Structure formats: C-alpha cells, structure tokens
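Analysis of the macromolecular model
So you can see what is in the structure, the chains are spelled out below.
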Amino acid sequence: MSEYYNKISKIKYEGAGSDNPLSFKYYNPDEIVAGKSMRNQLKFAMSYWHTMCAEGTDMFGVGTADKSFGATDSMAHAEAKANAAFELMDKLDIDYYCFHDRDIAPEADNLKETNARLDKIQGILDNLMKSTGKKLLWGTANCFGNPRYMHGAGTAPNADVFAFAAAQIKKALEITTALGGEGYVFWGGREGYETLLNTNMALEQDNMARLMKMTVDYGRSIGFKGNFYIEPKPKEPTKHQYDFDTATVLAFLRKYGLDKDFKMNIEANHATLAGHTFQHELRVAADNGVFGSIDANQGDMLLGWDTDQFPTNVYDTAMCMYEVLRAGGFTTGGLNFDAKTRRGSYTQEDVFLAYIAGMDSFALGLKVADKIIKDGRIDKFVEERYASYKTGIGAKIVAGTATMEELEQYALNMGDVTTNISGKQEYLEAVINSVMFGV
Ligand code: XUL
Ligand code: CO
C-alpha cells in the first residue's frame, strides 16, 4: 500500500519532557485514568470532511492545502482518501472516524450512480476497517452542500427535495449500519430559515420530525443498533437553525415523541455560538439523559462564526471531561475532532501537529477532571450549597408534599431569610487553578 504521509512516522507518547513536536506529551493511550485507559475514556475520532477533504478554501480565496493524494480521477481520489485516512489514523493511534456520505464518495449525475459509488467505497472502507481494527463512530448525510438543498432538506418547502433527502439519508444509514457505526448524526445545516416572511415554520418542523421518525424506524428495521444523535447549532449557514441548542432540541424531541430515540452530539463551537459555554450544553444534555457524543473543537471568542479550531484550551477540555466523567463516560459516543487546521497551516505535518495538540489537550483535560473529582472540593461545595433541601421544609419541597399555604405559614414564622451563604465563585475558580497547576 502506498504511503501518503511518508514524512511522518507513527506518533508515540514521549511524555511532557519531550521536545519532539511529533510526539504525544500527555496522551498515553494505555495509561489508566478514572478507571479506564485514556484510549477508552477519550475515544478519539477523525473527521473525514476536515481532515481528508477540506483544503482551506474560504470566502476570499481558494484552498491552500493539497488533498489530492496524487489522484486526478474523482473515484481514484475517493479511494486514495480512504487509504490516506487509515494511514493517518494508524499513525496518530486514533481508533474511530466519522463521515458524511459525500466526504467518502463524490456525488454523480444521478442518485443511482451516486449510490453505486458509495457501495464501492463502502467495500474499501470495510476492508480497511477489518485489516486495521479501526471503527466508525458515526455516519451522516450531507444534506446541505448541493444546491438542491438551498431552502433546506427535511424542512424544504418543496416535497421533491424532502424525498431526495430521505433517499440520501436512507443510503447513508445503510452504509453506517453495514460498517458497524456506533451512531448516526443529524446536523441540520440548512434546516432553519433566512426570513419568516417566506416560511411556514410549523410545517417545516413537523416535516423534520416526520423525517427523523422515518429514519429511526428504517434504521431499526435494517438492524442499526447504534444511537441517533442531533447536533445542535444556532445558526450558520442559516440565519436561524431549528436545532438551536440542547434545550431547544429537547423541546422539539419531546413535542414529537422522539426523545427516547435521540441523544445529543454536542459541539464546543456550536455551544458558544448559541451564547452558552461548552460545559453548559454538556450539563443540559447529561441532566436530561440525552448526553451522547462530542464534536471536539473550539471557536474564537472574537469571531461570530464557526471557526472549528483544534481544541487547545485546557480549561475547556477539563470542564468538558469533568462533565463526561460525571455523566458516566462515553458509551456509543466519543470525541470527534470536528476541527480543521488554519488556512495558513497548510502542510501535511500541520495536520498531525493539530491532532497531537487536540489529543494532548483532551488528555490533560481528562487528567485535570479526574483530579477535580478526586479532590472533591467542588462537588462537596455544591452538595453543601443545597443542604437545606435535605431536611425540614426543603425535604418537603423536594418530596412534592409542601403546599403554598404551608410555605406561607413557614415564611410568616421565619420573618425573613437569614441563612444565605456565599456562592464563593472566585474561591471555586481558584480551586480549579490549584488542581490544574498542582500547587
Ligand atoms: C457543521 C458541523 C458538521 C456536523 C456534521 O458546523 O459541525 O460538520 O458535525 O454534519
Ligand atoms: Co460538528
């Protein structure tokens, strides 16, 4: 098999003292942290679209990175990308990958031929997976790139577009199932609106739910055992995306009776676009029993769009892994690097350096999260903060037995509240620093 990244050798853990840029400083796959190997705690995945496809194109310029992998014909290119993807995963010791249908095989002139192309690449991926032991974290359908989806896919005003999207999702789910995918994602890039002046929002949302229900029923009928995920994002490309954030998606799922079928795929940069922290979105998902998987990246707080940067902010990775550990860890989910190198970081080596930076940042985050939990000061503080609900009137409120009359009598007897205690935010932030920096 030809090598596509021939200047890069297998990346090894060399420890924090190493000055070799092409080594892991903190990610030591077999080291046990919080009862599991780092490999199993973090379940890293490669995003096919950014890593194998995106060339750094932006609104002002063409791509800077060469991702042709030496191929000129489009199907030869698809095959080369598959081989290169598995070489990259092997060299980075990444066990999982994620794809959109159109990342793995280019669309043809008609659906039949497009599906035949997908079948061919599915066979290639299947062989590569069998020979390397790599696994599919999740698959999805790109129902946003082609011009036919200019007004949406499941929420399009045109029933023909809805039908085409359903056909595309059916095929993507079949491939995901055949490759043993642990999940199937809905990210509704164009499922939203530009203006309410031309939009029947109620019908669009009803239709989206219909499409999701059909997908779940079909998936289960063909033996798909994984989780279905929705990936919230508030905007971009649409001005308003229906899957705005986890709370909005939860209301949608409950309205349509889909809440037992879907979990969340939380993306860090989508959380911040929605005006939330990454940790907030993870907490809302976990508290409501819908924590599923994570798209690991970070945004730039000075920019109002989805920059999909590799995650290097250890404070964020620590609070993310704190939420993941508290939620019991990943089951079918994992950490998919939905992240791309900057346009100026255009070399093959940059891709490796970016993954190393992201993986090391999450390894550090995992270690810090484990320390925060073992240290116990944060959890103990929160526990004590709500102690008044353990006894007396608080216990009655929690048990649901307190009445308005009883609470009024209690307040009258009390006169006024005299028991408020400090929230100690600054102290708690300092505790995190002391755990992180070990002093
Ligand atoms: C776009 C995004 C997508 C989804 C999969 O912002 O995050 O790549 O992760 O469609
Ligand atoms: Co994403």
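As a starting point, this report considers the structure included with it. Predicted, not measured: the structure shown is a model, and the values here were computed from it.

1. Some details on the packing of helix α12 (residues 348-375) against helix α16 (residues 425-437)
The interhelical angle for the contact between α12 and α16, taken along N-to-C directions, is 120°, at an axis separation of 9 Å. With respect to each other, α12 and α16 are oriented oblique. Handedness of the crossing formed by α12 with α16: right-handed. Residue-level contacts link Val368, Lys371, Ile372 and Asp375 of α12 to Val431, Ile432, Val435 and Met436 of α16.

2. A few points about the coordination of the cobalt ion (ligand 2)
Around the cobalt ion (ligand 2), the protein supplies Glu231 (OE), Glu267 (OE), Asp295 (OD) and Asp338 (OD) as donor atoms, at distances of 1.9 to 2.1 Å. Metal-centred angles of 81 to 170° between the six donor atoms at the cobalt ion (ligand 2) mark the site as octahedral. Here the donor residues for the cobalt ion (ligand 2) map to a single chain with the spacing E-x35-E-x27-D-x42-D. Pair noted here: Asp295 is in strand β13 (residues 291-295) and Asp338 is in the loop between β14 (335-337) and α12, with a separation of 43 residues, a long-range link. The pair formed by Asp295 and Asp338 is uniform in burial state, with each residue classed as buried.

3. What to know about the side chain of Asp95
Tracing the backbone through its elements, the reader meets Asp95 in the loop between α3 (74-92) and β6 (96-100). At 3.0 Å, the side chain of Asp95 and the side chain of Arg39 are in polar contact.

4. Remarks on the site of ligand 1
Near ligand 1, the surroundings consist of Trp49, His100, Trp138, Trp187, Glu231, Lys233, Glu267, His270, Asp295, Asp306 and Asp338. Within the contact set of ligand 1, an oxygen atom lies 2.8 Å away from a side-chain nitrogen or oxygen of Glu267. The residue inventory of the shell around ligand 1, partitioned by class, reads three nonpolar, two polar and six charged.

5. Thoughts on helix α10 (residues 278-287)
Every buried residue of α10 is accounted for by Phe278, Glu281, Leu282, Val284 and Ala285. Viewed end-on, α10 has its buried residues packed into an arc of 160°, placing them on one side of the element. On its buried face, α10 sits against α8 (246-255), β12 (262-267), α9 (268-273), β13, α11 (314-326) and α12. Remark: Gly289 follows α10 within two positions and exhibits a positive phi of approximately 70°.

6. Side note on the nonpolar core
One broad trend across soluble globular proteins is that nonpolar side chains are buried collectively. Core analysis: the biggest nonpolar cluster contains 120 residues, and Met46, Tyr48, Leu92, Tyr97, Leu125, Ile294 and Phe362 have the highest contact counts within it. For this core, the element with the highest residue contribution is α12, accounting for twelve residues. Those residues in contact with Leu92 that lie beyond four places of it in its chain are Ile11, Phe24, Phe352, Tyr355, Ile356 and Met359.

7. Let's talk about the environment of Phe86
Within the secondary structure, Phe86 is located in helix α3. The exposure class assigned to Phe86 is buried, which follows from its relative accessible area of 3%. In sequence terms Phe86 and Met129 are 43 residues apart; their C-alpha atoms lie 8.2 Å from each other. In this structure Phe86 touches Tyr97, Leu125, Leu128, Met129, Thr132 and Lys134, once residues within four positions along its chain are discounted.

8. Thoughts on the sheet that holds strand β8 (residues 183-186)
Read around the closed barrel, the eight strands follow the order β5-β6-β7-β8-β10-β12-β13-β14; overall the barrel is parallel. With direction set aside, neighbouring strand axes in the sheet form an average angle of 30°. Bridge count for strand β10 (residues 227-230) against β12 is three bridges, and the pairing is parallel. Across the sheet, the residue bridging to Phe228 is Phe262, located in β12.

9. Let's talk about the pairing of β13
Consecutive residues of a regular strand have side chains that alternate between opposite faces of the sheet. In terms of burial, β13 is a largely internal element, five of the five residues being buried. Pairing analysis gives four bridges linking β12 to β13, with the strands arranged parallel. Across the sheet, residue Met264 finds its bridge partner in β13, namely Phe291. Inspection of the sheet shows β13 paired to β14 by two bridges, in the parallel sense. Residue pairing across strands places Ile294 opposite Leu335, the latter belonging to β14.

10. Section: a nonpolar patch on the surface
A surface patch of nonpolar side chains, about 480 Å² in accessible area, is lined by Val382, Tyr386, Tyr389, Ile397 and Val398. You can call Tyr389 partly exposed: its relative accessible area is 42%.

11. Things to note about the pattern of salt bridges
A complete count under the given rule lists 26 salt bridges for this structure. Note that Glu174 and Lys170 form a salt bridge whose closest N and O atoms lie 2.8 Å from each other. Of this pair, Glu174 and Lys170 both sit in helix α6 (residues 159-178), four residues apart, which is roughly one turn of that helix. Taking the shortest distance from any N to any O, the salt bridge between Lys233 and Asp306 comes out at 2.9 Å. Here Lys233, found in the loop between β10 and β11 (240-241), pairs with Asp306, found in the loop between β13 and α11; they are 73 residues apart in sequence, far enough to count as distant. The class of Lys233 is buried, set by a relative accessible area of 4%. Taken together, the shared-partner salt bridges connect Asp101, Arg102, Glu107 and Arg148 into one network.

12. Remarks on the packing of aromatic side chains
Evaluation of the coordinates by the stated rule reveals 23 aromatic pairs. Ring centres 4.9 Å apart and planes at 55° place the aromatic pair Phe252 and Tyr256 in the tilted group. Chaining the aromatic ring pairs together yields one cluster made of Phe24, Tyr27, Phe44, Phe310, Phe337, Tyr355 and Phe362. Above the face of the Phe164 ring, Arg148 is positioned so that its terminal group lies 3.8 Å from the ring centre.

13. So, α12
The first and last C-alpha atoms of α12 sit 41 Å apart over 28 residues, in line with the 40 Å expected at 1.5 Å per residue. Where α12 ends, the next residue or the one after it, Gly376, has phi of about 80°, a positive value.

14. As for unusual backbone geometry
In this structure, Pro237 follows Glu236 across a cis peptide bond, with omega equal to 15°. In this fold, Pro237 is placed in the loop between β10 and β11. With a phi close to 40°, Lys43 is a non-glycine residue in the positive phi region. Mapped onto the fold, Lys43 is located in the loop between α1 (38-42) and β5 (44-47). With a relative accessible area of 6%, Lys43 lands in the buried category. The backbone phi angle of Phe69 is positive, close to 50°, even though this residue is not glycine. Along the polypeptide, Phe69 turns up in the loop between α2 (48-53) and α3. Residue Phe69 is classed as buried on the basis of its relative accessible area of 11%.

Definitions and cut-offs
- Residues numbered from 1 in each chain as written.
- Chains lettered and ligands numbered in written order.
- Predicted model: local features only at pLDDT ≥ 70, side-chain atom pairs only at ≥ 80, totals over all residues.
- Heavy atoms only, no water.
- Axes fitted to C-alpha atoms, helices over the stretch in contact; angles between N-to-C directions.
- Helix = DSSP H or I, 4+ residues; strand = E, 2+ residues; numbered from the N terminus.
- Parallel < 35°, antiparallel > 145°, perpendicular 65-115°, else oblique.
- Left-handed = near helix turned anticlockwise from the far one by under 90°.
- Contact = heavy atoms within 4.5 Å.
- Donors = N, O, S within 2.8 Å, 3.2 Å for Na, K, Ca; no water.
- Tetrahedral: all angles 85-135°; square planar, octahedral: opposite > 155°, others 65-115°.
- Buried < 20%, exposed > 50% of the residue type's maximum accessible area, 1.4 Å probe, protein only.
- Polar contact = N/O pair within 3.5 Å; in protein donor to acceptor, adjacent residues only side chain to side chain.
- Near = heavy atom within 4 Å.
- Nonpolar A, V, L, I, M, F, W, Y, C, P; charged D, E, K, R; others polar.
- Arc of directions from axis to C-beta.
- Core = buried A, V, L, I, M, F, W, Y, C linked by side-chain atoms within 4.5 Å.
- Pairing = 2+ DSSP bridges.
- Patch = residues over 30% accessible without salt bridge, like charges linked within 9 Å, V, L, I, M, F, W, Y side chains within 5 Å.
- Areas by Shrake-Rupley, 256 points an atom, 1.4 Å probe, with all protein chains shown as cover.
- Salt bridge = Lys/Arg side-chain N within 4 Å of Asp/Glu carboxyl O.
- Phe/Tyr/Trp six-rings, centres within 6.5 Å; stacked < 30°, edge-to-face > 60°.
- Lys NZ or Arg CZ within 6 Å of the ring centre and 35° of its normal.
- Expected span 1.5 Å × (residues − 1).

Purely geometric stuff here, so don't read any function into it on its own.
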